[in-house]
Amino acid sequence: MDSKIFDRSEDEIFSEPEKYKKYGDSCLKGKKYQDALIHYETALEKLKMIFSKHSDCLVKNFSKATQLINT
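The rules we used
- Residues numbered from 1 in each chain as written.
- Predicted model: local features only at pLDDT ≥ 70, side-chain atom pairs only at ≥ 80, totals over all residues.
- Heavy atoms only, no water.
- Helix = DSSP H or I, 4+ residues; strand = E, 2+ residues; numbered from the N terminus.
- Expected span 1.5 Å × (residues − 1).
- Buried < 20%, exposed > 50% of the residue type's maximum accessible area, 1.4 Å probe, protein only.
- Arc of directions from axis to C-beta.
- Salt bridge = Lys/Arg side-chain N within 4 Å of Asp/Glu carboxyl O.
- Bend = angle between axes of the 7 residues up to and from the residue.
- Axes fitted to C-alpha atoms, helices over the stretch in contact; angles between N-to-C directions.
- Parallel < 35°, antiparallel > 145°, perpendicular 65-115°, else oblique.
- Left-handed = near helix turned anticlockwise from the far one by under 90°.
- Contact = heavy atoms within 4.5 Å.
- Nonpolar A, V, L, I, M, F, W, Y, C, P; charged D, E, K, R; others polar.

Caption draft 1: Highlighting helix 2 (residues 33–53). Look at helix 2: 30 Å from first C-alpha to last across 21 residues, which is about the 30 Å you get at 1.5 Å a residue. Burial in helix 2 covers these residues: Ala36, Ala43, Leu47, Met49 and Ile50. Seen along its axis, helix 2 keeps its buried residues to an arc of 160 degrees; they face one direction. Those residues of helix 2 that are exposed and aimed more than 90 degrees away from the buried face are Gln34, Leu44, Lys48 and Ser52.

Structure follows, in structure tokens:
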């Protein structure tokens, strides 16, 4: 488990999947397909972590959960 996760704000944690998705989009535009795949997979792993470890916060903030899913 990432011990640094507790040192970061919820906004930082919740923005990570979008950050990696944008990296992936950039790589895809540059035809760096392997790099894009790595960033997209990382984004999905970050989402998985958020929904497994921060579900209580997401239940309280339904709009944040919806935003993450739509991303």
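Caption draft 2: Focus on the pattern of salt bridges. In total, this model carries three salt bridges according to the counting rule given. The salt bridge partner of Glu18 is Lys22, with a shortest N-O separation of 4.0 Å. Remark: Lys22 and Glu18 occur in helix 1 (residues 10–29); sequence separation between them is four residues, near one turn of the helix.

Caption draft 3: Main features of the environment of Lys19. You can see Lys19 is positioned in helix 1. The class of Lys19 is partly exposed, set by a relative accessible area of 35%.

Caption draft 4: Spatial organisation of unusual backbone geometry. The backbone phi angle of Lys31 is positive, close to 60 degrees, even though this residue is not glycine. With respect to the secondary-structure elements, Lys31 resides in the loop between helix 1 and helix 2.

Caption draft 5: Helix 1, seen in detail. Here helix 1 contains 20 residues, and its C-alpha end-to-end distance of 30 Å stays within 8% of the 28 Å for a straight helix at 1.5 Å per residue. At Glu16, helix 1 shows its largest bend, some 35 degrees, and a proline, Pro17, comes one to four positions later. Here helix 1 has its buried residues at Ile13, Phe14, Glu16, Pro17, Tyr20, Gly24 and Cys27. Taken from the residues just after helix 1, Lys31 is the one with a positive phi, measuring 60 degrees.

Caption draft 6: Quick look at the packing of helix 1 against helix 2. Closest axis-to-axis distance for the helix 1/helix 2 pair is 8 Å, and the angle between their directions is 165 degrees. Relative to helix 2, the element helix 1 is oriented roughly antiparallel. In this structure, helix 1 meets helix 2 at a crossing whose hand is left-handed. Across from Ile13, Phe14, Glu16, Pro17, Tyr20, Lys21, Tyr23, Gly24, Asp25, Cys27 and Leu28 in helix 1, the residues of helix 2 making contact are Tyr33, Asp35, Ala36, His39, Tyr40, Thr42, Ala43, Lys46, Leu47, Met49 and Ile50. In terms of residue class, the contact of helix 1 with helix 2 is built from 14 nonpolar, three polar and five charged.

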